[in-house]
Structure formats: C-alpha cells, structure tokens
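Structural characterization, general
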Amino acid sequence: MCGIVGYTGPRSTARVLLDGLKRLEYRGYDSAGAAVLTPERVEVVKALGKVRNLEAAARKKSEFMAATGAGIAHTRWATHGAPSVINAHPHLDNSGTFAVVHNGIIENFRELRSHLTSRGCKFVSETDSEAIAHLISECYEGDLVQAVAAAVKRLHGTYGLGVISSRHPGLLVAARKGSPIVIGIGKGENFIASDVAPLLSYTREVMYLDDGDLAVLTPDSVEVRNVENVPVEREVARIDWDADAAEKGNYAHFMLKEIYEQPETIANTIRGRIDRQLNSAVLSGLGLTPRELASVSRVVIAGCGSSMHAGMVGEYYFEDIAGIPAEVEQAAEFRYRNPIIEPDTLVLPISQSGETADTLAAVREARNKGALVAALCNVVGSTIAREAGRGIYLHAGPEISVASTKAFTSQITVLLLLALLMGRNRRLDSTDGARIADEIEQLPDLIRQVLDQAPVIEKIARRYARFEHFFFIGRGSLYPTALEGALKLKEISYVHAEGYHAAELKHGPIALLDENHPVIALANNIPGRDKMLGNIQECRARNSPVVALVTAGDAAVRDLAGDVIQIPACSRFAAPLPTVVALQLFAYYVAVERGCEVDQPRNLAKSVTVE
Ligand code: G6P
C-alpha cells in the first residue's frame, strides 16, 4: 500500500528518491517524505498529497538536493494516524540520528510506545512506525545493522523497512516481514523499493527479500542475512519490463493506456501456451503431470477485488469446459472460515500484485491444509508467486492504474487456458478443444473491435456521467462481468454502482428503479440473453434509462434499450472479455467527465498489503 524507495550511490540521492516515488504514485497514498544524509545530519522533507508537493518542498532546500550517499523515501497510505505532514515518513529518533521508512502495521505498537515513553522518548507523530526509529536508537551500540536486527526482533506485525543513519553515511539497511522489499542491484550503486517500478530506470537485476531477511547495502555491496543473522544467498532475478512500460506515453491516464494495451497484453498471456497438436494448453509453471492434473477433484479460487471477479468468471470455465466443481472464495473469508480442503483440491489464488495480504494468507492456509496450490500472478517474483511455488504468470506487464484493467482480462485468459488444459485432460474432445483454442486466439481481435468503438462509448458515458446511482446486471459469466463493471465505476468516479445478477433484481433492488437509476444491462447473445430482454423491459417499465451491451447486429435488444454498445459476436467463454473492456471505457469516460483523479482514486491503494 505505502511505497518505499531507498538508494545508496554517487547520484543525487534526492533525484533518485523523488523519481522513484513518482513511479510509486500509483500505489495510492496521502502524503510523502524523504530523508538524505548531509555532512552534519539527517535532512528530512515531507509534504501532504502528491509527490510534486514534496518535490516543491525539497527544491527549496539546496542541501537536500545536493546530498549524495544513502537516502530513503516513502509514500504513505494512512493506517495509524490521519494523513498529515507529521505522520508522513521518514520518522526520526529524538536525537535525529536514525531515519526510518516503514510499510506494514506494528501490532505491539502501544506496548512499545509506552515502554519507549517511560525511557524518555518523545513521540511526535501518531504512527506505529515512529516507534521503530526510537527502538533502533535504543538498541544502537555503534553498529547500525546490529541495532536494526535487535529492533526488528521486538516488533510484532508486519514490516518492510528502510533505515539510514547520519553515523553511517553510505549505509542503507532494509528488513522485511510481511511487506515486500526488493533490492535493485546496480554498478557502484544499490537500491531498495517496495516493488520494481522505481528500479526499472536504473537496473533490471533484482533480489527479493524473504520474510525475516535483513539486507545491508553500500554502493558496492549487498549482503542479506536471515532471521538467525546468518548471511544467505538470495537469487538474483532479471526483470523483462522496461521503464517505458511504466510510462504513460501519449495517453491522458495510465488507466486508458492499460485499457488500450489489452489486445497486446492478452496476446502476451496466450503466447506459446496453445498446443495445436493436442488442442490443449501448455502451462509449464503449473508443474503438474497429466496424472496429477487428472486427480484434481475440485478447484477453489481465492482472490480480492477484481481478481476475485476474474475467479468468478473462471468458475464457469472449470465447470463448463472441464466438468470440475469449482468455487470462488473472497480471500479473507477463505482464511478465517476454515474451509474444507482435501489433497485433491486445487487452490488457485489470483492476485495481480502477488502481495495482497488476504490472498497471501489464503495461500498459506491452503498449503497448510495440504492442497495443491498454483498462483495466478502478474508480478514475477512476488510473495504469492514464490510462496505458492507453482503457478501461471499473466505476462500483462506493469499495471500502474489503481483500477485493474489489463491484469483482469489476462487473469480471465489464463483461467480459460487452464480450463482448456484440464478439460482436455478429461472429457473435452479434440474438436471442442480446437474450438476453444480458436476462441482464445481471437480474443485480442475481439478487444480491438471494442476499442474501435471508444468514441461511441465516450459519448454515452458523458451523457450518463450526471447520474449518482447505477445498476449493472448480467447473467452467466456476464454476471461477474457486471460486478466488475460496477466496481470500475465506483472505484474511479465515486458513483454508487451495484452489480447484480439480472434475476436478483426483482428481489429487492427493483424497488429503487426510476428515472434516476440507470441500468447497464449485459445482453450479449449468449445463454440467458432472452431472459435479459425481459429484465430490460422491467427496467424500462420503471423509467430507468438503460444502456444495453448487445451483440453487434442484435436488433431486438437495440429497440428495447435507450442506448446501445455493440460487442462483437463471440462465444459465451470469450464474451466477458470484450464486454468488460466496454465497461472499463464507460467507467473511464464517466470519471473523466466528472473530473476525477482516474489513476489515483481517493482512499484506494493498488496493492492492499494490510488486512
Ligand atoms: C486492490 C486494488 C484492486 C485489486 C485488489 C486485489 O483493492 O485496488 O484493483 O483488484 O486490490 O489486488 P491483487 O493485486 O491481489 O489482484
């Protein structure tokens, strides 16, 4: 949720930190700050709101801008204490010698605070994180690494930490438990960050810390120690994403860029994964033999937000294509509900970031119960991907916009590939396999056809942008698509939008329908379409304005609805993808019309690493 950047090396530390924070802006935050070392002291700058506010404040301090050596920076998403300059990180101990940035939540912070206060520490902020700076100071006996190691032993909860000290100019210490820290390895310089985005302009060589790890960085060395303080080797990974992939280019917003990237990102998701001889899918990261795959008796999918909606689409695929019972669990429920998991249950955690706290907890719970676990993640080397041990990467490239778009369509594509593989492993014959493989390969083109209609969708969206309440209704696999469409709209335009199964509308929500409650009806020509026509009539009878998403050329629906968005003809398996792209565009244009901050919606974070 919060973002961390740290640097040690010969460049302008302030420049590296500020640029890095800008690349983390997408994570969602309310304030930002940075600390650098000048010959005399730790110099800190903080600001509320955007990184550009922090930059403006930093530029007024020439010493800050001129500093080289170790430095740390942070974008905060408030958990303990309101968004304010005082609560923004970095936090200092009372002597101003140690500076700390922290992601995560310190659960024993009240105990620590009263202990430290009794020892004379004065807390200036309301944060749990400040306690860490005081604790390091208390543990310090001339060795910063030893002080951080001793301090983190006393922390309960989760942390990703970056620490510097005026006593150790080139030294940057990082630690991780529950909140990701990735190290960027450069030449004569090294970096830390909460994800790879800020590192890409400097290096592609990265190292992910494991829980309990402590890393010691100087410009020329990186050393990692485990919980027992024993030096350990961590694998160096190479990131394929280039810095351009994390740039907006000519698009007004990352969200729009990512919506438009979908033909390409889906093609990347599919590339090399269709076996035309077997008319099946090749998913090598799964690491399951056909026999192991055939022994799976049930699929349980766990995720949050859009990833959960993708899982709900997948549920249809597994049952329909592969004939395997499948169910979807909200990841937090999965964890606390004590689910029934047997050794032949395949658990599929889905997470774009691979860092969502509840989904990670679900992975641990499933592994503990002896299930086969295979993660669907976008971020290579993320915690969920690593802990699951097996899985399928989305290959959608960096998703910067908080509202998920291209990751969502790649998740659905991967689920369709997996259902094809499992189907062919069972009852699905080669001809049907070939048909589904064709449909998968046509997905990029279907999406392209929807993108071509962006001007029509924009026009409709601008007209509907004045409404404060929306219903999105669908049936079959377009039911979770409706949930996702409603989620997009509320996430970025702050409009009240509810996704409903079309049949459920009569069980309550219909009471709300009137001329101020538009209904977005997903009425593509797939099973359930005729019933949708009836539902649209019910809505119109209550004066609700209706926007219908219809299969191109479907005149019957066109005459019923007030406004129509055409979706290219496709099968029921493919339909959620082009349909959701139209809904993404609709939400985007409504948000733009309402003047909303599309890429950084209020109160939201890209990656929810706290429960
Ligand atoms: C946050 C994001 C959503 C995302 C969800 C799950 O709420 O704002 O866009 O769908 O987390 O994230 P994940 O990285 O696990 O897919």
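Everything below is about the structure shown above.
Read on for an overview of the structure. Please read all numbers here as calculations on a predicted model, not as lab measurements.

1. Focus: the overall build of the protein chain
The number of helices and strands found in the protein chain is 20 helices and 28 strands. On C-alpha atoms alone, the protein chain measures out to a radius of gyration of 25 Å, which is about the 25 Å that the 2.2 N^0.38 rule sets for 611 residues. Expressed as a percentage of its 611 residues, the buried residues of the protein chain come to 62%. The contacts of the protein chain with a sequence gap of at least 6 include a subset with a gap of at least 24, amounting to 71%. Total accessible area on the protein chain stands at roughly 22400 Å², and carbon and sulfur atoms take up 49% of it. Of the side-chain charges in the protein chain, 64 are positive and 73 negative, and the distance between the mean point of each set is 2 Å.

2. Thoughts on the site of the ligand
Close to the ligand lie 14 residues; Ser-307, Ser-351, Gln-352, Ser-353 and Thr-356 are nearest. In the environment of the ligand, an oxygen atom lies 2.6 Å from a nitrogen or oxygen atom belonging to the side chain of Ser-307. Grouping the constituent residues of the shell around the ligand by class yields 4 nonpolar, 8 polar and 2 charged.

3. Points about the sheet that holds strand β27 (residues 546-551)
What the 5 strands build is an open sheet, ordered β25-β24-β26-β27-β28; its pairing is parallel. Only two strands of the sheet have a single neighbouring strand rather than two, namely β25 (496-501) and β28 (563-567). On average, each strand axis in the sheet is tilted by 20° relative to the strand beside it, whichever way the strands run. Sheet analysis places strand β26 (residues 519-523) next to β27, joined by 5 bridges and oriented parallel.

4. Overview of the pattern of salt bridges
By the definition in use, this model includes 40 salt bridges. Glu-43 is the partner of Arg-41 in a salt bridge, and the nearest nitrogen-oxygen pair spans 3.1 Å. Taking the relative accessible area as the measure of exposure, Arg-41 reaches 39% and is therefore partly exposed. For Glu-43, a relative accessible area of 8% corresponds to the buried category. The partner of Arg-337 in a salt bridge is Glu-329, and the shortest N-O contact between them spans 2.2 Å.

5. Section: the packing of aromatic side chains
All chains considered together, the criterion is met by 11 aromatic pairs. Ring centres of Phe-470 and Phe-472 lie 6.5 Å apart, and the angle between their planes is 45°; this geometry places the pair in the tilted category. Classification of Phe-472 as buried rests on a relative accessible area of 0%. Joined through ring pairs, the aromatic side chains of Tyr-464, Phe-467, Phe-470, Phe-472 and Phe-586 make up one cluster. One cation-aromatic arrangement involves Arg-466 over Phe-467; the distance from NZ or CZ to the ring centre is 4.2 Å. Taking the ring centre of Tyr-494 as reference, the NZ or CZ of Arg-602 above it sits at 3.8 Å.

6. Overview of the packing of helix α8 (residues 262-270) against helix α15 (residues 430-451)
α15 packs onto α8 with a crossing angle of 175° between their chain directions and a minimal axis gap of 8 Å. Classified by the interaxial angle, the pair formed by α8 and α15 is roughly antiparallel. Facing Gln-262, Pro-263, Ile-266, Ala-267 and Ile-270 of α8, the residues of α15 in contact are Ile-440, Leu-443, Pro-444, Ile-447, Arg-448 and Leu-451. Grouping the amino acids of the contact of α8 with α15 by side-chain chemistry returns 9 nonpolar, 1 polar and 1 charged.

7. Quick notes on unusual backbone geometry
For the bond from His-89 to Pro-90, the omega torsion is -5°, close enough to zero to count as cis. Note on placement: Pro-90 falls in the loop between β4 (71-76) and β5 (91-92). Notably, His-395 is not glycine yet its phi reads approximately 55°, a positive angle. Relative to the helices and strands, His-395 resides in the loop between β23 (391-393) and α14 (406-424).

8. Observations concerning the side chain of Asn-103
Among the secondary structure elements, Asn-103 is positioned in strand β6 (residues 98-103). Overall, the relative accessible area of 4% leaves Asn-103 in the buried class. A distance of 2.9 Å separates a polar side-chain atom of Asn-103 from the backbone oxygen of Cys-2. There is a polar contact of 3.0 Å between the side chain of Asn-103 and the side chain of His-74. Not counting residues up to four positions away in its chain, the partners in contact with Asn-103 are Cys-2, Gly-3, Ile-4, His-74, Thr-158, Tyr-159, Gly-160, Ser-179 and Ser-194.

9. Regarding helix α16 (residues 454-464)
Where α16 is concerned, the buried positions are Ala-454, Ile-457, Ile-460, Ala-461 and Tyr-464. Here the buried residues of α16 occupy an arc of 130° about the axis, which is enough to place them on one side. Residues of α16 that are exposed and angled more than 90 degrees away from the buried face: Pro-455 and Lys-459. The secondary structure elements touched by the buried residues of α16 are α7 (254-260), α15, β24 (469-474), β27, β28 and α20 (576-593).

10. Here we look at α14
Here α14 contains 19 residues, and its C-alpha end-to-end distance of 27 Å stays within 8% of the 27 Å for a straight helix at 1.5 Å per residue. The element α14 is extensively covered by neighbouring structure, given that 18 of its 19 residues are classed as buried.

11. Description of the state of the cysteines
Within this structure, the stated rule accounts for 0 disulfides. The structure places no disulfide on Cys-2, whose sulfur is separated from the nearest cysteine sulfur, that of Cys-304, by 17 Å.

12. With respect to the environment of Ala-461
If you trace the backbone, Ala-461 turns up in helix α16. Assessed through its relative accessible area of 0%, Ala-461 is described here as buried. In sequence terms Ala-461 and Cys-539 are 78 residues apart; their C-alpha atoms lie 19 Å from each other. If sequence neighbours within four positions are ignored, Ala-461 has contacts with Phe-586, Tyr-589 and Val-590.

13. What about the sheet that holds strand β13 (residues 221-225)?
Taken in spatial order, the 7 strands make up an open sheet running β5-β6-β7-β8-β12-β13-β14, and their pairing is antiparallel. The two strands at the open ends of the sheet, each matched to only one other strand, are β5 and β14 (231-232). Taken together, the 2 bridges between β13 and β14 define a ladder with antiparallel strand orientation. Its bridge partner being in β14, Val-224 is matched across the sheet by Val-232. Here helix α5 (residues 130-139) sits on the sheet in contact with β5, β6 and β7 (159-165), set at roughly 140° to β6. Against the sheet, helix α6 (residues 144-153) touches β6, β7, β8 (168-177), β12 (214-218) and β13, its axis set at about 25° to β8.

Calculation rules
- Residues numbered from 1 in each chain as written.
- Predicted model: local features only at pLDDT ≥ 70, side-chain atom pairs only at ≥ 80, totals over all residues.
- Heavy atoms only, no water.
- Helix = DSSP H or I, 4+ residues; strand = E, 2+ residues; numbered from the N terminus.
- Rg over C-alpha atoms; globule rule 2.2 N^0.38 Å.
- Buried < 20%, exposed > 50% of the residue type's maximum accessible area, 1.4 Å probe, protein only.
- Contact = heavy atoms within 4.5 Å.
- Areas by Shrake-Rupley, 256 points an atom, 1.4 Å probe, with all protein chains shown as cover.
- Lys, Arg positive; Asp, Glu negative; His and termini not counted.
- Charge placed at Lys NZ, Arg CZ, Asp CG, Glu CD.
- Near = heavy atom within 4 Å.
- Polar contact = N/O pair within 3.5 Å; in protein donor to acceptor, adjacent residues only side chain to side chain.
- Nonpolar A, V, L, I, M, F, W, Y, C, P; charged D, E, K, R; others polar.
- Pairing = 2+ DSSP bridges.
- Axes fitted to C-alpha atoms, helices over the stretch in contact; angles between N-to-C directions.
- Salt bridge = Lys/Arg side-chain N within 4 Å of Asp/Glu carboxyl O.
- Phe/Tyr/Trp six-rings, centres within 6.5 Å; stacked < 30°, edge-to-face > 60°.
- Lys NZ or Arg CZ within 6 Å of the ring centre and 35° of its normal.
- Parallel < 35°, antiparallel > 145°, perpendicular 65-115°, else oblique.
- Arc of directions from axis to C-beta.
- Expected span 1.5 Å × (residues − 1).
- Disulfide = S-S within 2.5 Å.

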